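Each chain, letter by letter, is given below.
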Amino acid sequence: MGATFGRNLRMTIFGESHGKGIGLVLDGLPPGTPVNEDFIKEEMARRAPGKNRMSTQRRETDAFIIESGVFEGKATGTPLCVLIPNSDQHSKDYSLLKDVMRPGHADYAGKVRYRGFNDYRGGGHFSGRLTAPLVFTGAVAKTVLAQKGIVVGAHVARIGTITDALFNPLGETAERLQALRKVTLPVLEDGKASLMEAEIMAARKQMDSVGGIVEVMAVGMPPGIGDPFFDSLESSLSHALFSVPAVKGIEFGAGFAMAALKGSEANDPMTVANGRVQTTRNNNGGITGGITNGMPVLFRVAVKPTPSIGQPQQTVNVTEGEDTILEIKGRHDPCIVPRAVPVIEAVTAWVLLDMLLE
Ligand SMILES: Cc1cc2nc3c(=O)[nH]c(=O)nc-3n(C[C@H](O)[C@H](O)[C@H](O)COP(=O)(O)O)c2cc1C
Ligand SMILES: C=C(O[C@@H]1CC(C(=O)O)=C[C@@H](OP(=O)(O)O)[C@H]1O)C(=O)O
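Residues numbered from 1 in each chain as written. Chains lettered and ligands numbered in written order. Predicted model: local features only at pLDDT ≥ 70, side-chain atom pairs only at ≥ 80, totals over all residues. Heavy atoms only, no water.

Caption draft 1: The arrangement of helix 3 (residues 132-147) in detail. Taking 1.5 Å per residue as the helical rise, helix 3 with its 16 residues ought to reach 22 Å, and the 24 Å between its terminal C-alpha atoms agrees with that figure. The buried count for helix 3 comes to 14 of 16 residues, which makes it a mostly enclosed element. Downstream of helix 3 by a residue or two, Gly149 has a phi angle that is positive, lying close to 80°. (Helix = DSSP H or I, 4+ residues; strand = E, 2+ residues; numbered from the N terminus. Expected span 1.5 Å × (residues − 1). Buried < 20%, exposed > 50% of the residue type's maximum accessible area, 1.4 Å probe, protein only.)

Caption draft 2: Structural detail: the environment of Gly28. Mapped onto the secondary structure, Gly28 falls in the loop between strand 3 (21-27) and helix 1 (37-47). With a relative accessible area of 31%, Gly28 lands in the partly exposed category. With 21 residues separating them along the chain, Gly28 and Arg7 place their C-alpha atoms 8.7 Å apart. Once residues within four sequence positions are removed from consideration, Gly28 is found in contact with Asn8, Leu9 and Leu357. (Contact = heavy atoms within 4.5 Å.)

Caption draft 3: Structural detail: the site of ligand 2. Near ligand 2 lie 13 residues; those nearest to it are His18, Arg58, Tyr94, His105 and Gly128. Within the side chain of Arg47, an N or O atom sits 2.8 Å from an oxygen atom of ligand 2. In isolation ligand 2 offers 470 Å² of accessible surface; the protein chains occlude 93% of this area. The residue makeup of the shell around ligand 2, split by class, is two nonpolar, six polar and five charged. (Near = heavy atom within 4 Å. Polar contact = N/O pair within 3.5 Å; in protein donor to acceptor, adjacent residues only side chain to side chain. Areas by Shrake-Rupley, 256 points an atom, 1.4 Å probe, with all protein chains shown as cover. Nonpolar A, V, L, I, M, F, W, Y, C, P; charged D, E, K, R; others polar.)

Caption draft 4: Molecular detail of the packing of helix 1 against helix 3. Interhelical geometry of helix 1 versus helix 3 gives an angle of 140° and a closest axis separation of 9 Å. Between helix 1 and helix 3, the angle falls in the class oblique. For the pair helix 1 and helix 3, the sense of crossing is right-handed. Contacts between helix 1 and helix 3 involve Phe39, Ile40, Glu43, Met44, Arg46 and Arg47 from the first element and Ala132, Val135, Phe136, Ala139, Val140, Lys142 and Thr143 from the second. Classifying every residue of the contact of helix 1 with helix 3 by side-chain character gives eight nonpolar, one polar and four charged. (Axes fitted to C-alpha atoms, helices over the stretch in contact; angles between N-to-C directions. Parallel < 35°, antiparallel > 145°, perpendicular 65-115°, else oblique. Left-handed = near helix turned anticlockwise from the far one by under 90°.)

Caption draft 5: Quick look at unusual backbone geometry. Although it is not a glycine, Arg115 sits at a positive phi angle of roughly 50°. Taking relative accessible area as the criterion, Arg115 reaches 67% and is therefore assigned exposed. Within the chain, Phe229 stands out as a residue other than glycine whose phi angle is a positive 50°. In this structure, Phe229 sits in the loop between strand 10 (212-219) and helix 6 (233-242). On the basis of relative accessibility, which here comes to 70%, the residue Phe229 falls in the exposed class.

Caption draft 6: Fine view of empty space enclosed by the protein. Counting across every chain of the model gives two cavities of 30 Å³ or more. Put simply, the largest cavity is a space of about 40 Å³. Lining the largest cavity, in full, are His105, Ala106, Asp107, Asn118, Tyr120, Gly123 and Phe126. Here the residues of the lining of the largest cavity are counted per class, giving three nonpolar, three polar and one charged. Here the lining of the second largest cavity is composed, by residue class, of three nonpolar, one polar and three charged. (1 Å grid on protein atoms, 1.4 Å probe; cavity = no way out; pocket = protein on both sides within 12 Å on 5 of 7 lines; lining within 4 Å. Points joined across faces, edges and corners; volume = space filled by probe spheres on them.)

Caption draft 7: View of the UniProt feature "binding site: NADP(+)" (unreviewed entry) in the protein. The feature "binding site: NADP(+)" (unreviewed entry), as annotated in UniProt, sits at Arg47 and Arg53 in this numbering. Considering only the residues just annotated, the second largest pocket is lined by Arg47. You can see Arg47 is positioned in helix 1. By relative accessible area, which is 2% here, Arg47 ends up buried. Leaving out residues up to four positions away in the same chain, Arg47 has contacts with Asp62, Gly128, Arg129, Thr131, Ala132, Val135, Arg339, Pro342 and Val343. (UniProt positions renumbered as here; feature names shortened; annotations may be inferred.)

Okay, structure coming up:
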């Protein structure tokens, strides 16, 4: 029913934003896989809400309880079950939203899909809160990938009107990618983080929100990983990344700009360098035929502006069957992008490991 994904490393997520808690069941981790709780905590803290002015003011520690599947710091190979309690719900903020649908959120579509039985408080199962389990799995995957010399990193390529430089498509160092994980608004160009923060704070002041773009790179991926057609690496990454709430677009390598190039410009010339086949450009984002070609895997993800904004909006009261004006009260991210960065990295690491376990 949509809550499970992965072929070799299958994860099921569960829970609602204002219920008792959320969590995951992860199946397929090879026995003996290290489960480094300190590193997982660091990664979870990068996403957790309520830590700065750019975030929703809901405060959750995202502390996790490993119920099964880990013994003496290593995966047993049997299902790994994790619970993440909810503790700071303000459910009264949502009493009006039982009847009045938020434009841009899942309220109306979810109500129809679940015949009115959905828990609408805090967005229920559609909430961005359900991305905490993804970060748990991504942290486990990052540890395994690091042992294989594979590092995933990301930066904020755009927030509103402010853009950052882009990654060198031919590759960034593992150290640079890892260093980006240490900051709240990871950017490549000096001074851009404060401009982006100002853009977010201005939107917040206007009871509005802003979106942006996250650019992701994975270095160290060997060639030959992935499958053609329906299980291509592009398909699998897109499937998992479009599952992240608020993600509305993905482009690999030169992406949509490829449409305006000639073949002579778009093709990545091939060469043998340092004893391996490489390309001198990376317009294809490290993937051809759905399979890694040994160049860095590179893509960009578009994240929409947060739908819940305080400004008056035209919408519908579905109980009365009437148009109405909605002013949303409550605690919302004025921009989802900063907290989506660790989520997008995590999903990438999970999918890459899933493919490598084939
Ligand atoms: C980390 C994260 C935080 C989010 N925070 C909010 C929020 O505070 N308020 C809100 O309305 N939407 C927030 N969203 C987005 C909604 O959950 C999402 O837009 C909604 O479920 C509809 O899904 P869609 O945008 O993919 O169509 C967040 C998403 C993520 C990934
Ligand atoms: C709780 C989290 O983010 C939430 C994601 C979210 C949404 O609609 O997606 C709406 C807000 O929920 P609430 O109204 O309950 O404060 C955010 O705070 C989280 O990321 O852990």
